[in-house]
Amino acid sequence: MRELWQRGLRRVWLFITDGLPGIDEAIRRVYPLAQWQRCVVHQVRASLAQVRSRDRALLAQDLRGVYMAGSRREALEALEKLRAAWGSRYPSLVASWWENSGALLRFYEYPQVLWPYLRSTNLMERFMREVRRGTKVRDHKFPRPEAVFKLLYLEVERQEGRWAVQRWKGFAEVREVLEEMLRERYAPHTQTSTHKS
């Protein structure tokens, strides 16, 4: 987080990450006005890995009811149903969903058309997969460490160019709403003195 700050990133709406320990504290310390969305896909995978194979399909369906709900209120109702159905059999799994519900359901605070993008890190993971694929075909016999950085830079530039022309469904329709949300969040505050090393 400090490196992002030092590189000039000052205003952030939302960080979307996996459940890396301490990430929420780091975000609050460096970007106190930013929000944190925990990747729902990672949480679902981790949850399903803890259950018996005979329970996976039913539990996956109940979890889907939480993150595919039509509103935050409906998602919380689905969490209650999850607790009633699975709480005695998988108490730590259900407790994890409840304890992390603030970060797992943060996407509900944004326009609905963006929910599929915001509830997981899939976009970033796809980007990283493309970068890995683009660098994999090379020989990997680099004369100096700087050569690796040049290759990565060029591959990221190539991917960024591809993404720049791609239109993500829904962003154009809610652009003004997002800009207003950003103004409201940062207008009364300045974040120049909030960063703590």
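Residues numbered from 1 in each chain as written. Predicted model: local features only at pLDDT ≥ 70, side-chain atom pairs only at ≥ 80, totals over all residues. Heavy atoms only, no water.

In the contact formed by helix α5 (residues 72-86) and helix α6 (residues 91-99), the axes pass within 10 Å of each other and the chain directions differ by 165°. As summarised for this structure, α5 and α6 are arranged roughly antiparallel, according to the angle between their axes. Our pair here, α5 against α6, has a crossing hand that is left-handed. On the side of α5, the interface is formed by L76, L79, E80, L82, R83 and W86, while α6 contributes P91, V94, W97 and W98. (Axes fitted to C-alpha atoms, helices over the stretch in contact; angles between N-to-C directions. Helix = DSSP H or I, 4+ residues; strand = E, 2+ residues; numbered from the N terminus. Parallel < 35°, antiparallel > 145°, perpendicular 65-115°, else oblique. Left-handed = near helix turned anticlockwise from the far one by under 90°. Contact = heavy atoms within 4.5 Å.)

What follows is about the nonpolar core. L59, L63, L82 and W97 are the most contacted members of the largest nonpolar core, which has 31 residues in total. When residues in this core are grouped by element, the largest group, five residues, is from α5. In contact with L82, other than residues within four places in its own chain, are L59, D62, L63, G87, V94 and W97. If you look at the next biggest cluster of nonpolar residues, it comprises twelve residues, including V12, F15, Y31 and W36. (Core = buried A, V, L, I, M, F, W, Y, C linked by side-chain atoms within 4.5 Å. Buried < 20%, exposed > 50% of the residue type's maximum accessible area, 1.4 Å probe, protein only.)

Between two aromatic rings, the relevant description is the distance of the centres plus the angle of the planes. This model, assessed by the stated rule, comprises six aromatic pairs. A ring pair is formed by F15 and Y31, whose centres lie 5.4 Å apart and whose planes are at 50°; its orientation type is tilted. Here F15 is found in strand β1 (residues 14-17), whereas its partner Y31 is found in the loop between α2 (23-30) and β2 (35-38), with 16 residues between them in sequence. Y31 matches F15 in its accessibility class, with the two residues each being buried. Taken together, the aromatic side chains of W5, F15 and Y31 make up a single cluster linked through ring pairs. Looking at R10, its charged tip hangs above the ring of W5, at a distance of 4.0 Å from the centre. (Phe/Tyr/Trp six-rings, centres within 6.5 Å; stacked < 30°, edge-to-face > 60°. Lys NZ or Arg CZ within 6 Å of the ring centre and 35° of its normal.)

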